[in-house]
Amino acid sequence: MKSLNKNIENHYLKEGLYEEIINRLKEQNIALNNVKRSDIAGADEFHVRGATVSKELANSIELNGLNVLDVGCGLGGPCRMLADEYNCQTTGIDLSNEYIRTANKLSELVNLNNKTTFIQGNATELPFEDNVFDVVWTQHVQMNIPDKKKFYSEINRVLKTGGYFLFYDILKKGNGEVNYPMPWASNANLSFLFKTEEMDEFLIKFGLTKIQSTNQTQTGIDFFDTLVSRLKEFGPPKMGLNVLMGETTKPKLMNLLAHLKTGELELISGVYKK
Ligand SMILES: C[S@@+](CC[C@H](N)C(=O)[O-])C[C@H]1O[C@@H](n2cnc3c(N)ncnc32)[C@H](O)[C@@H]1O
């Protein structure tokens, strides 16, 4: 398991990520003492439909002032949004040291470090007591995790009774082969896709109640189609997911789009209550 996690960390590794983001801000003549969350949102929300979908997920429950854990937080964009716009106290945990370093520095940059905490760690061994978070949130992470039972049981363990689990995920729908690279995996050895029904089964077994579920597949396809035509016209954005994925951005996103279109994969968001 240690070597799998190392390989996953390497898959996401982009050294000097924070410095790269700073350089790109400078290239756009954005003063570093006046950086807004929207200036970095193209890079710090690493999932289909970026900041827009995080906002929709946040609005699916009343979460003002709550204590939120983001499992597999990446660069921490959603934590900063929840801290800034919903007055949440947020904690993000992620396997990647470089992402956590960048997440902490980005929070300092936009003056949200007093309401966001980022720590390096494994989603399947959460370093928290039982029943401590009002909300547990995760977006596009479980595809890297073979032990789904442990992943969801840890989420359930740290969630308070009466608390909410919010997710937005890529799930397997068909039974065909999936082509790689994908944004979360350079090859099949790093990818552990499973189906929505299987996820539901785990969560219901743990005693959680499904409150809401939305199929986001078509919205995701529409988003990608617009993105592709914009890329053709204007080229890569100054602050997009290309900052994280570099030259591999195009093949990864095109493979994901193709499988959403053929129906092998689907995008689902939802809310469960403990
Ligand atoms: C596609 S990114 C999504 C990041 C973030 N949730 C977002 O939407 O912006 C997947 C993230 O999951 C993290 N991850 C993968 N396996 C993990 C694990 N076992 N424990 C913690 N984080 C993990 C990766 O390091 C990466 O940051």
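Conventions and cut-offs
- Residues numbered from 1 in each chain as written.
- Predicted model: local features only at pLDDT ≥ 70, side-chain atom pairs only at ≥ 80, totals over all residues.
- Helix = DSSP H or I, 4+ residues; strand = E, 2+ residues; numbered from the N terminus.
- Rg over C-alpha atoms; globule rule 2.2 N^0.38 Å.
- Buried ≥ 20, exposed ≤ 12 C-beta atoms within 10 Å, placed from the backbone.
- Near = placed C-beta within 6 Å.
- Nonpolar A, V, L, I, M, F, W, Y, C, P; charged D, E, K, R; others polar.
- Core = buried A, V, L, I, M, F, W, Y, C linked by C-beta atoms within 7 Å.
- Contact = placed C-beta atoms within 7 Å.
- Pairing = 2+ DSSP bridges.
- Axes fitted to C-alpha atoms, helices over the stretch in contact; angles between N-to-C directions.
- Arc of directions from axis to C-beta.

**Q** Where do I start with the overall build of the protein chain in this structure?
**A** Of the regular secondary structure elements, the protein chain holds 11 helices and seven strands. Taking 274 residues into account, the globule formula puts the C-alpha radius of gyration at 19 Å, and the protein chain, at 18 Å, falls close to it. Judged by the C-alpha coordinates and their principal axes, the protein chain covers about 50 × 45 × 35 Å. Going through the 274 residues of the protein chain one by one, you find that 38% of them count as buried.

**Q** Even after reading the chapter, I still don't get unusual backbone geometry, so can you show me in this structure?
**A** Comment: phi is negative for the bulk of residues other than glycine, and the bulk of peptide bonds are trans. Look at the link from Y180 to P181: it is a cis peptide, with omega at 10°. Tracing the chain through its elements places P181 in the loop between strand 5 (159-172) and helix 8 (196-205). Here the phi dihedral of R49 falls at roughly 80°; this positive angle occurs in a residue that is not glycine. Looking at the element boundaries, R49 is found in the loop between helix 3 (37-44) and helix 4 (50-58). Even without glycine at this site, N131 takes up a positive phi of about 55°. With respect to the helices and strands, the residue N131 is situated in the loop between strand 3 (116-120) and strand 4 (133-139). A tally of 14 C-beta atoms within 10 Å means that N131 is categorised as partly exposed.

**Q** Would you take a moment to explain the site of the ligand for this structure?
**A** Among the 23 residues in the neighbourhood of the ligand, the closest are listed as F46, G72, G74, A123 and N144. Among the residues forming the shell around the ligand, the class breakdown is 11 nonpolar, 10 polar and two charged.

**Q** Explanation requested: the nonpolar core in the structure shown.
**A** Nonpolar side chains in soluble globular proteins generally cluster together in the buried interior. Counting 66 residues, the largest nonpolar core has A43, V68, V135, V136 and F165 as the members making the most contacts within it. Not counting the four nearest positions on each side in its chain, F165 is found in contact with V136, I155, L159, L208, Y272 and K274.

**Q** So what exactly am I meant to see when it comes to the sheet that holds strand 7 (residues 265-273) here?
**A** As a general point, the strands of a sheet are linked pairwise by backbone hydrogen bonds and lie either parallel or antiparallel. With mixed pairing, the seven strands of this open sheet are ordered in space as 3-2-1-4-5-7-6. Looking at which strands have only one partner, the edges of the open sheet turn out to be strand 3 and strand 6 (209-215). With direction set aside, neighbouring strand axes in the sheet form an average angle of 15°. Direction of pairing for strand 6 relative to strand 7: antiparallel, over a ladder of six bridges. Bridge pairing in strand 7 places T209 opposite K273.

**Q** What should I look at first to understand the packing of helix 3 against helix 5 (residues 77-86) in this one?
**A** Between two packed helices, both the angle of their axes relative to each other and the distance between the axes serve to describe the pair. Between helix 3 and helix 5, the least distance of the axes is 10 Å, while the angle of their chain directions is 150°. In contact with R37, A41 and D44 of helix 3, helix 5 contributes G77, R80, M81 and D84. Grouping the constituent residues of the contact of helix 3 with helix 5 by class yields two nonpolar, one polar and four charged.

**Q** Where do I start with helix 1 (residues 2-12) in this structure?
**A** The set of residues buried in helix 1 consists of I8, H11 and Y12. In a view along the axis of helix 1, the buried residues occupy a sector of 90°, so they form one face of it. Along helix 1, the residues that are exposed and aim more than 90 degrees away from the buried face are K2, S3, K6 and N10. Of the surrounding secondary structure, the elements contacted by the buried residues of helix 1 are helix 6 (97-109).

**Q** Looking at this structure, I do not really get the environment of V271. What am I missing?
**A** Along the chain, V271 turns up in strand 7. Through-space distance from the C-alpha of V271 to that of I211 is 5.4 Å; in sequence the pair is 60 residues apart. If we skip the residues at most four places from it in the chain, V271 touches S60, I61, Y164, L166, I211 and Q212.

**Q** Where do I start with the environment of L253 in this structure?
**A** Within the element layout of this structure, L253 appears in helix 11 (residues 249-262). Residue classification places L253 among the buried residues on the basis of 21 C-beta atoms within 10 Å. Put simply, L253 and F224 are 29 residues apart on the chain and 8.2 Å apart in space, counted from C-alpha to C-alpha. With residues near it in sequence (within four places) discarded, L253 still touches P183 and F224.

**Q** For this particular structure, what's the right way to read the environment of A103?
**A** Topologically, A103 is positioned in helix 6. Overall, A103 belongs to the buried group, with 28 C-beta atoms counted inside 10 Å. For the pair A103 and Q28, spaced 75 residues apart in sequence, the C-alpha to C-alpha distance is 21 Å. Beyond its immediate sequence surroundings of up to four residues, A103 is in contact with C73, L75, G76, G92 and F118.

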